2 protein chains.
Amino acid sequence: MPDSRGDPVEAFVPGHITGFFSAHPADDPDRAGSRGAGITLSHGVTVRVEPARTSQIRLDDSPITVPPVARVLEALDVTARVSVTTEVPLGAGFGASGAMALGTALAANERFGCRRSENALISIAHRAEVLSGTGLGDVVAQARGGVPIRLEPGAPSSNEMDGIPAAGTIEYLAFGKLDTATVLEGNLAEITRAGSRALRRVVDEPTLETFMAASRAFAGESDLLSDRLAGVISAVEDHGGMASMAMLGKTVFAPGSGLSDAGFEPVRCSIHDAGATLVARSD
Amino acid sequence: MPDSRGDPVEAFVPGHITGFFSAHPADDPDRAGSRGAGITLSHGVTVRVEPARTSQIRLDDSPITVPPVARVLEALDVTARVSVTTEVPLGAGFGASGAMALGTALAANERFGCRRSENALISIAHRAEVLSGTGLGDVVAQARGGVPIRLEPGAPSSNEMDGIPAAGTIEYLAFGKLDTATVLEGNLAEITRAGSRALRRVVDEPTLETFMAASRAFAGESDLLSDRLAGVISAVEDHGGMASMAMLGKTVFAPGSGLSDAGFEPVRCSIHDAGATLVARSD
């Protein structure tokens, strides 16, 4: 029920690690996007929205500029204070900007009574990410939850999605940021070929093992793997585990206890069982 | 990761209360289904699957016959013991048979390494429900979670879905079973007209209030409301709440504290934030 007491509204959006992808730009931002697959995480982003005279965005009480969040507020024609807290690092391949955009859309829709459907809000956040150049496929994956497969790119009106049925622990180690734009300029043709191969493997056999193997092959073929990340992945493999690199960030992720078993001290979370959601207020 | 130790695998599927619907039969069970909208519940069905020499289904340790579950096992070509526990009553409009079918598909796929995607498993469960005559729209709603809108009928390959963004408490009072088949034979043309009107209202304004109002109107127009259920709904409305009837069961449901406020002693749960999921094993 809409809030008539003036309280802030909160939404939670899972982090999303892309294992492999191919980029599909288009003039229409509803059709632009990426194919690929990834894992949504129980670690994510919480967004709180409340009315304000001028729109402002704060991360852990410090002002920040997040173009896709500003675009979402404009699309809903509201001015709001957006307060973000995050369990996942920014710029490290966890889809934090997509999570902020989608969380803002869900919470602002509820707080201001915008009366949009879930698909409409996902589309608003997806377009905001595409137009800001901050992401192509995180929003639609974060809206679904689980281990989403993006079969066709774009917003809900034009995309096609499936998922790998899986549950369990995910471990990750984040070593810092990677400049997405620079990477994509460098070798987009090679990435698209490698991403298409990886997607065919996962469609043929939609299991977590095949997803990890396809992601690992993609990371090598697309020439994005640094020596440091390659070393961590090899160590996991030497201990009988599977690991790959988050696209795009200096982050290694592994299902189960892959990183712990190899002697690292990773962050542990789990595959998230839900897409983005409003946080229910206690009665 | 697939289980190599021989342990059973569990899946949880939320209950689903349909507020209004229109039936759309078709020769192809992937295309048959219903349009409409409903609420998925944090109360649902847990299904445990383990190998067995002959397939058997047990509810709370007593053998039962559930044709859609048997059809799911056949479709996956496995023989299994399926053990069901349920928080929602059977035959009272909570989609329990769809939940059993979908939970069996998810858990059996994992236990026996069937390597099907989420959409493939949803399709198997949807077809099993349609061919058994036990349901038309619960499975796809239970796979999505939240407050699903079924815009186009059928399995994931042919349907179209959206959702109402909402969270919060749901209360319900279940008074017993309703014979779905007899009801549907009686006045399907009237139900389809009333269901189409209700869907247009919710598409125009996808909020929980409009969903409840459209469901209440549908219950009256479709001539399915008994005097007893109508009396409970009126009592909730007299206390400023909203309530309607679960389609199809002798059950009244209300968001928030609608039934409590009117002096009833309902069961309380909440809108479920996730679709059907495997239950993660502890590491």
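Parameters at a glance
- Residues numbered from 1 in each chain as written.
- Chains lettered and ligands numbered in written order.
- Predicted model: local features only at pLDDT ≥ 70, side-chain atom pairs only at ≥ 80, totals over all residues.
- Heavy atoms only, no water.
- Helix = DSSP H or I, 4+ residues; strand = E, 2+ residues; numbered from the N terminus.
- Rg over C-alpha atoms; globule rule 2.2 N^0.38 Å.
- Buried < 20%, exposed > 50% of the residue type's maximum accessible area, 1.4 Å probe, protein only.
- Contact = heavy atoms within 4.5 Å.
- Buried area = accessible area lost by both parts, 1.4 Å probe.
- Salt bridge = Lys/Arg side-chain N within 4 Å of Asp/Glu carboxyl O.
- Polar contact = N/O pair within 3.5 Å; in protein donor to acceptor, adjacent residues only side chain to side chain.
- Nonpolar A, V, L, I, M, F, W, Y, C, P; charged D, E, K, R; others polar.
- Pairing = 2+ DSSP bridges.
- Phe/Tyr/Trp six-rings, centres within 6.5 Å; stacked < 30°, edge-to-face > 60°.
- Core = buried A, V, L, I, M, F, W, Y, C linked by side-chain atoms within 4.5 Å.
- Least-squares fit on C-alpha atoms with pLDDT ≥ 70 in both.
- Axes fitted to C-alpha atoms, helices over the stretch in contact; angles between N-to-C directions.
- Left-handed = near helix turned anticlockwise from the far one by under 90°.
- Arc of directions from axis to C-beta.

1. Looking at the overall build of chain A
Here is step 1: From N to C terminus, chain A includes nine helices and twelve strands.
Here is step 2: For 283 residues, the compact-globule estimate of 2.2 N^0.38 gives 19 Å, and the C-alpha radius of gyration of chain A, at 18 Å, lies within 12% of that figure.
Here is step 3: In terms of overall dimensions, chain A has a C-alpha envelope of 55 × 40 × 30 Å along the principal axes.
Here is step 4: For chain A, with 283 residues in total, the buried portion stands at 55%.

2. Quick look at the interface of chain B and chain A
Here is step 1: With 35 residues of chain B at the interface, the matching set in chain A holds 35 residues.
Here is step 2: At the boundary of chain B with chain A, total buried surface from both sides reaches about 2800 Å², with 53% on carbon and sulfur atoms.
Here is step 3: Glu205 of chain A is the partner of Arg115 of chain B in a salt bridge, and the nearest nitrogen-oxygen pair spans 2.6 Å.
Here is step 4: Remark: the boundary between chain B and chain A carries 14 residue pairs in polar contact (both at pLDDT 80 or more).
Here is step 5: For the side of chain B that touches chain A, the class distribution of residues is 15 nonpolar, nine polar and eleven charged.

3. Observations regarding the sheet that holds strand 8 (residues 169-174) of chain B
Each strand in a sheet pairs with its neighbour through backbone hydrogen bonds, running either in the same direction (parallel) or in the opposite one (antiparallel).
Here is step 1: Taking strand neighbours across the sheet as the criterion, the four strands line up as 9-10-8-11 (chain B) in an open arrangement whose pairing is antiparallel. Looking along the sheet, the strands with just one partner apiece sit at the ends: strand 9 (244-245) and strand 11 (267-270) of chain B.

4. Comments concerning the packing of aromatic side chains
Aromatic rings considered in pairs are described by the distance between their centres and by the relative angle of their planes.
Here is step 1: This model, assessed by the stated rule, comprises ten aromatic pairs over all chains.
Here is step 2: Both rings, one in Phe20 of chain A and one in Phe211 of chain A, keep their centres 6.1 Å apart while their planes meet at 45°; by these two values the pair is tilted. Taken as a pair, Phe20 of chain A in strand 1 (residues 9-24) and Phe211 of chain A in helix 7 (residues 208-221) lie far apart in primary sequence, 191 residues in all.
Here is step 3: Accessibility expressed as a relative area gives 0% for Phe20 of chain A, which makes it buried.
Here is step 4: Judged by centre distance (6.4 Å) and plane angle (40°), the ring pair of Phe211 of chain B and Phe253 of chain B falls under tilted. Within this pair, whereas Phe211 of chain B is found in helix 7 (residues 208-221), its partner Phe253 of chain B is found in strand 10 (residues 251-255), the two being separated by 42 residues in sequence. As far as burial versus exposure is concerned, Phe211 of chain B and Phe253 of chain B are alike and both buried.
Here is step 5: In this structure an aromatic cluster arises from ring pairing among Phe20, Phe21, Phe211, Phe218 and Phe253 of chain A.

5. Describing the nonpolar core
Here is step 1: Core analysis: the largest hydrophobic core is formed by 84 residues, its most contacted members being Phe20, Ile39 and Phe211 of chain B.
Here is step 2: Take this core: its biggest share by element is nine residues, from helix 2 (residues 96-111) of chain B.
Here is step 3: Beyond its immediate sequence surroundings of up to four residues, Phe211 of chain B is in contact with Gly19, Phe20, Ala37, Gly38, Ile39, Ile164, Val202 and Phe253 of chain B.
Here is step 4: The next biggest cluster of nonpolar side chains, apart from the first, holds 82 residues, and it includes Val9, Ala128, Ile191 and Ala194 of chain A.

6. Remarks on the pairing of strand 5 (residues 80-86) of chain B
Residue and element names in this part refer to chain B.
Here is step 1: Relative to strand 5, strand 2 (residues 33-51) runs antiparallel, the two sharing seven bridges. The residue bridging Val45 from the neighbouring strand is Thr86, located in strand 5.
Here is step 2: Relative to strand 5, strand 3 (residues 56-59) is paired through four bridges, and the arrangement is parallel. Bridge pairing in strand 5 links Leu59 to Val84.

7. Remarks on the relation of the copies chain B and chain A
Here is step 1: Mapping chain B onto chain A calls for a rotation angle of 180° and an axial translation of 0.0 Å; the resulting RMSD is 0.0 Å. Given the turn and translation reported, the copies of this chain are related as if by a two-fold rotation axis. Proximity to the rotation axis, assessed at the C-alpha, singles out Ala274 of chain B in chain B; its C-alpha lies 2.1 Å from the axis.
Here is step 2: When the interface residues of chain B are mapped onto chain A, 100% of them again lie at the interface, so the same face is used by both copies.

8. Digging into the packing of helix 2 of chain B against helix 3 (residues 118-132) of chain B
All names here are of chain B.
Here is step 1: Here helix 2 crosses helix 3 at 145°, and the two axes come no closer than 9 Å. Crossing of helix 2 against helix 3: the hand is right-handed. Only Leu121, Ile122, Ala125 and Glu129 of helix 3 make contact with helix 2, whose side of the interface consists of Ser97, Gly98, Ala101, Leu102, Ala105, Leu106 and Asn109.
Here is step 2: Of the residues assigned to the contact of helix 2 with helix 3, the class counts are seven nonpolar, three polar and one charged.

9. Examining the pairing of strand 3 of chain B
Here is step 1: Residues Ile57 and Leu59 of chain B point to one face of strand 3 of chain B and are all buried, whereas Gln56 and Arg58 of chain B, pointing to the other face, are not buried.
Here is step 2: The loop that links strand 3 of chain B with its antiparallel partner strand 4 (residues 62-63) of chain B comprises two residues; one of these, Asp60 of chain B, has a positive phi angle of about 50°.

10. A look at the side chain of Glu129 of chain A
Here is step 1: Considering the arrangement of structural elements, one finds Glu129 of chain A in helix 3 (residues 118-132).
Here is step 2: Contacts of Glu129 of chain A, omitting those with residues within four sequence positions, involve Pro68, Ser97, Gly98, Thr134, Gly135, Asp138 and Val139 of chain A.

11. Here's the deal with the sheet that holds strand 9 (residues 244-245) of chain A
Residues and elements named next belong to chain A.
Here is step 1: Overall, antiparallel pairing links the four strands, which are arranged 9-10-8-11 in an open sheet. Every other strand in the sheet has two partners, leaving strand 9 and strand 11 (267-270) as the edge strands with one partner each.
Here is step 2: As paired strands, strand 8 (residues 169-174) and strand 10 (residues 251-255) are joined by five bridges and run antiparallel to one another. Within the sheet, the bridge partner assigned to Ile170 lies in strand 10 and is Pro255.

12. A word on helix 1 (residues 67-76) of chain A
Residues and elements named next belong to chain A.
Here is step 1: Residues of helix 1 that are buried: Pro68, Val69, Val72, Leu73 and Leu76. When helix 1 is viewed along its axis, its buried side chains cluster within an angular range of 145° and face the same direction.
Here is step 2: Buried residues along helix 1 sit against strand 3 (56-59), strand 5 (80-86), helix 2 (96-111) and helix 3.
Here is step 3: After helix 1 finishes, the residue Asp77 shows a positive phi value of roughly 60°.

13. Points about unusual backbone geometry
Residues and elements named next belong to chain A.
Here is step 1: In this structure, Leu248 follows Met247 across a cis peptide bond, with omega equal to 5°.
Here is step 2: Notably, Asp60 is not glycine yet its phi reads approximately 50°, a positive angle.
Here is step 3: Inspection of the secondary structure assignment puts Asp60 in the loop between strand 3 and strand 4 (62-63).
Here is step 4: Overall, the relative accessible area of 51% leaves Asp60 in the exposed class.

14. Comments concerning the pattern of salt bridges
Here is step 1: Summed over all chains, the structure comprises 20 salt bridges over all chains.
Here is step 2: One salt bridge connects Glu190 of chain A with Arg197 of chain A, and the closest N-O pair in it is separated by 3.9 Å.
Here is step 3: Judged by relative accessible area, which is 26%, Glu190 of chain A ranks as partly exposed.
Here is step 4: Note that Glu152 of chain B is salt-bridged to Arg35 of chain B, the shortest N-O span being 2.8 Å. Highlighted residues: Glu152 of chain B in strand 6 (residues 148-152) and Arg35 of chain B in strand 2, separated in sequence by 117 residues.
Here is step 5: Sharing partners across several salt bridges, the network here consists of Glu190, Arg193, Arg197 and Glu221 of chain A.

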